Amino acid sequence: TNHAGSDLWWFGSGCKADTAEFYLRAVLGSTAYDAGSDIVDYFHGYLNYQGEHHAFPDLSPLHYQRLHPRFKQVCAAHGVPYVQESVWLRVKK
């Protein structure tokens, strides 16, 4: 469900890592669930930070919670939609 739904982008070919296109695809092709507390993050298995995970695959999931607000700010500043919804809503999509 992190990569499913008509509101997410699909890409037919790959792109080079560490490029602007790579980071843009990381956000456009994934969605985040509710986040921000240790208990929620634990029960989601840290899969509630998909954009952050795909943009920074070598980063430990334990850092996603701190990165999350800034990551969303950067997306907003550049007009990149950051999709974040409950897991139940995503299952319906």
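Residues numbered from 1 in each chain as written. Predicted model: local features only at pLDDT ≥ 70, side-chain atom pairs only at ≥ 80, totals over all residues. Heavy atoms only, no water.

Run through the overall build of the protein chain, naming residues and quoting values.
Each helix and strand counted, the protein chain has five helices and zero strands in total. Counting from the amino terminus, helix and strand elements in the protein chain follow one another as α-α-α-α-α. Its C-alpha radius of gyration of 13 Å places the protein chain within 12% of the 12 Å reference for a compact globule of 93 residues. In terms of overall dimensions, the protein chain has C-alpha extents of about 35 × 30 × 25 Å along its principal axes. Within the span of the protein chain, comprising 93 residues, buried residues form 30% of the whole. When contacts within the protein chain are restricted to residue pairs at least 6 apart in sequence, those whose partners lie at least 24 apart make up 52%. (Helix = DSSP H or I, 4+ residues; strand = E, 2+ residues; numbered from the N terminus. Rg over C-alpha atoms; globule rule 2.2 N^0.38 Å. Buried < 20%, exposed > 50% of the residue type's maximum accessible area, 1.4 Å probe, protein only. Contact = heavy atoms within 4.5 Å.)

So, a nonpolar patch on the surface: which residues are in play, and what are the values?
A cluster of nonpolar side chains, contributed by Ile39, Tyr42 and Phe43, occupies part of the molecular surface with about 410 Å² of accessible area. Along the polypeptide, Phe43 turns up in helix 2 (residues 38-43). Under the relative-accessibility criterion, Phe43 is labelled exposed at 63%. (Patch = residues over 30% accessible without salt bridge, like charges linked within 9 Å, V, L, I, M, F, W, Y side chains within 5 Å. Areas by Shrake-Rupley, 256 points an atom, 1.4 Å probe, with all protein chains shown as cover. Salt bridge = Lys/Arg side-chain N within 4 Å of Asp/Glu carboxyl O.)

Outline helix 1 (residues 20-28), listing residues and values.
Buried residues of helix 1: Arg25, Ala26, Val27 and Leu28, and no others. At its buried positions, helix 1 is contacted by helix 3 (50-55) and helix 4 (64-77).

Describe helix 4, with residues and values.
Taking 1.5 Å per residue, 14 residues should reach 20 Å; helix 4 reaches 19 Å between its end C-alpha atoms and fits that length. Those residues of helix 4 that sit buried are Tyr64, His68, Phe71 and Cys75. For helix 4, the elements touching its buried residues are helix 1 and helix 3. Where helix 4 terminates, the next one or two residues include Gly79, which has phi positive at roughly 70°. (Expected span 1.5 Å × (residues − 1).)

Any details on the pattern of salt bridges? Residues and values, ideally.
Taken as a whole and assessed by the stated rule, the structure comprises one salt bridge. For the salt bridge of Glu21 with Arg25, the shortest nitrogen-to-oxygen distance reads 2.9 Å. With a gap of four residues between them, Glu21 and Arg25 both fall in helix 1, about one helical turn apart. The buried category is assigned to Arg25, whose relative accessible area is 17%.

Account for the environment of Leu67, with residues named and values stated.
Counting through the fold element by element, Leu67 comes out in helix 4. Assessed through its relative accessible area of 22%, Leu67 is described here as partly exposed. Along the sequence, Leu67 and Val87 sit 20 residues apart, while their C-alpha atoms lie 21 Å from each other. If we skip the residues at most four places from it in the chain, Leu67 touches Glu52, Phe56 and Leu59.

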